[in-house]
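Structure at a glance
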Amino acid sequence: MINRVILTGRLTKDSELKYTSSGAAVGTFSLAVNRQFTNANGDREADFINCVIWRKSAENFANFTHKGSLVGIDGRLQTRNYENQQGQRVYVTEVVVDNFSLLESRASGQSDAKPYANTQNQTQSKPADTFANKGQAIDISDDGLPF
């Protein structure tokens with residue numbers, strides 16, 4: 001059986017980090033994921049998907065993301081239920097995150113962040129992209145192809 005979820009979206013608010021009684025970190029957050037189509041008004045709607053992340057990954061996620069961060073997550077869909085204080089059964093569906101990726105630089109989402117060029121080690125330069133061709137056609141002969 002397969003239960004795999006891969007999402008790309010933006011955080012609707014900062015991750016909420018808590019700790020269980022045994023000391024395990026658990027983070028909860030909601031991810032806004034745009035739909036592929038527009039509605040009758042031409043607006044793109046989004047789905048708001050609840051996620052939970054555990055242990056060291058939860059701490060890292062909380063430390064390196066903030067409201068509006070563009071992230072990719074990989075996990076599994078989980079349903080659970082519990083009885084609330086009013087005695088009603090509550091059903092919850094959420095994504096349990098196994099892995100996450102930060103999809104933009106930290107500075108791009110923060111206006112008060114210092115540019116990377118102002119770090120102490122200014123001697124490093126960004127390597128040239130040898131594969132960038134600026135939209136030009138690439139001339140490759142059949143002899144250069146490995147197949």
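Use the structure listed above.
Here we summarise the structure given alongside this text.

Turning our eyes to something else, we now look at the pairing of strand β3 (residues 25-38). As defined by bridge partners, strand β1 (residues 5-11) adjoins β3 across 2 bridges and the pair is classed as antiparallel. Bridge assignment links R10 to a residue of β3, and that residue is A32. In this sheet, β3 lies alongside strand β2 (residues 16-19) in antiparallel orientation, the contact comprising 4 bridges. The partner of Y19 across the bridge, within β3, is A25. Hairpin geometry of β2 and β3 is characterised by an intervening segment of 5 residues between the two adjacent antiparallel strands and by a positive phi of about 95° at G23. Here 10 bridges tie β3 to strand β4 (residues 44-54), and the two strands are oriented antiparallel to one another. Paired with N34 across the two strands is A46, which belongs to β4. As consecutive antiparallel partners, β3 and β4 are separated by 5 residues, and within that stretch G42 has a phi angle of approximately 85°, a positive value.

With that settled, the discussion passes to the nonpolar core. Of all hydrophobic cores here, the largest spans 15 residues; its most connected members are L7, F29, L31, C51 and I73. If you list the elements that add at least two residues to this core, you get β1, β3, β4, α1 (55-64), β5 (70-83) and β6 (89-102). The element that contributes the greatest number of residues to this core is β3, accounting for 4 residues. Residue contacts for L31: discarding those within four places in its chain leaves L7, G9, R10, L11, T12, D47, F48, I49, C51, V71 and I73.

The next subject is the pattern of salt bridges. Applying the stated rule across the entire model yields 9 salt bridges. Residue R4 pairs with D74 through a salt bridge whose shortest N-O separation is 3.1 Å. A residue pair is termed long-range when its members are at least 10 positions apart, and R4 in the segment before β1 and D74 in strand β5 qualify at 70 residues. Among the ionic pairs, K18 bridges to E16, the shortest N-O distance being 3.1 Å.

It is worth spelling out the packing of aromatic side chains at this point. What the rule picks out here adds up to 2 aromatic pairs. Aromatic side chains F29 and F61 sit 4.4 Å apart centroid to centroid with 25° between the ring planes, which places their arrangement in the stacked category. Here F29, found in strand β3, pairs with F61, found in helix α1; they are 32 residues apart in sequence, far enough to count as distant. Looking at F29, the relative accessible area reads 4%, which means it is buried. For the pair F61 and F100, a centre-to-centre distance of 4.9 Å together with 90° between the ring planes defines the contact as edge-to-face. On the criterion of sequence distance, the pair formed by F61 in helix α1 and F100 in strand β6 is long-range, its members being 39 residues apart.

Following the sequence through the fold, A62 ends up in helix α1. Once residues lying within four places of it in the same chain are set aside, the contact partners of A62 are S15 and L17.

Next up on the list: the side chain of S15. The topology assignment puts S15 in the loop between β1 and β2. When neighbours within four sequence positions are excluded, S15 is seen to be in contact with G27, T28, F29, F61 and A62.

Before going further, it helps to spend a moment on the environment of R89. If you trace the backbone, R89 turns up in strand β6. Exposure remark for R89: the relative accessible area of 43% places this residue in the partly exposed category. Every residue in contact with R89, bar those within four places of it in the chain, is listed here: N81, Y82 and E83. Here the side chain of R89 touches N81 through a polar contact of 3.0 Å, side chain to side chain.

Rules and cut-offs
- Residues numbered from 1 in each chain as written.
- Predicted model: local features only at pLDDT ≥ 70, side-chain atom pairs only at ≥ 80, totals over all residues.
- Heavy atoms only, no water.
- Pairing = 2+ DSSP bridges.
- Helix = DSSP H or I, 4+ residues; strand = E, 2+ residues; numbered from the N terminus.
- Core = buried A, V, L, I, M, F, W, Y, C linked by side-chain atoms within 4.5 Å.
- Buried < 20%, exposed > 50% of the residue type's maximum accessible area, 1.4 Å probe, protein only.
- Contact = heavy atoms within 4.5 Å.
- Salt bridge = Lys/Arg side-chain N within 4 Å of Asp/Glu carboxyl O.
- Phe/Tyr/Trp six-rings, centres within 6.5 Å; stacked < 30°, edge-to-face > 60°.
- Polar contact = N/O pair within 3.5 Å; in protein donor to acceptor, adjacent residues only side chain to side chain.

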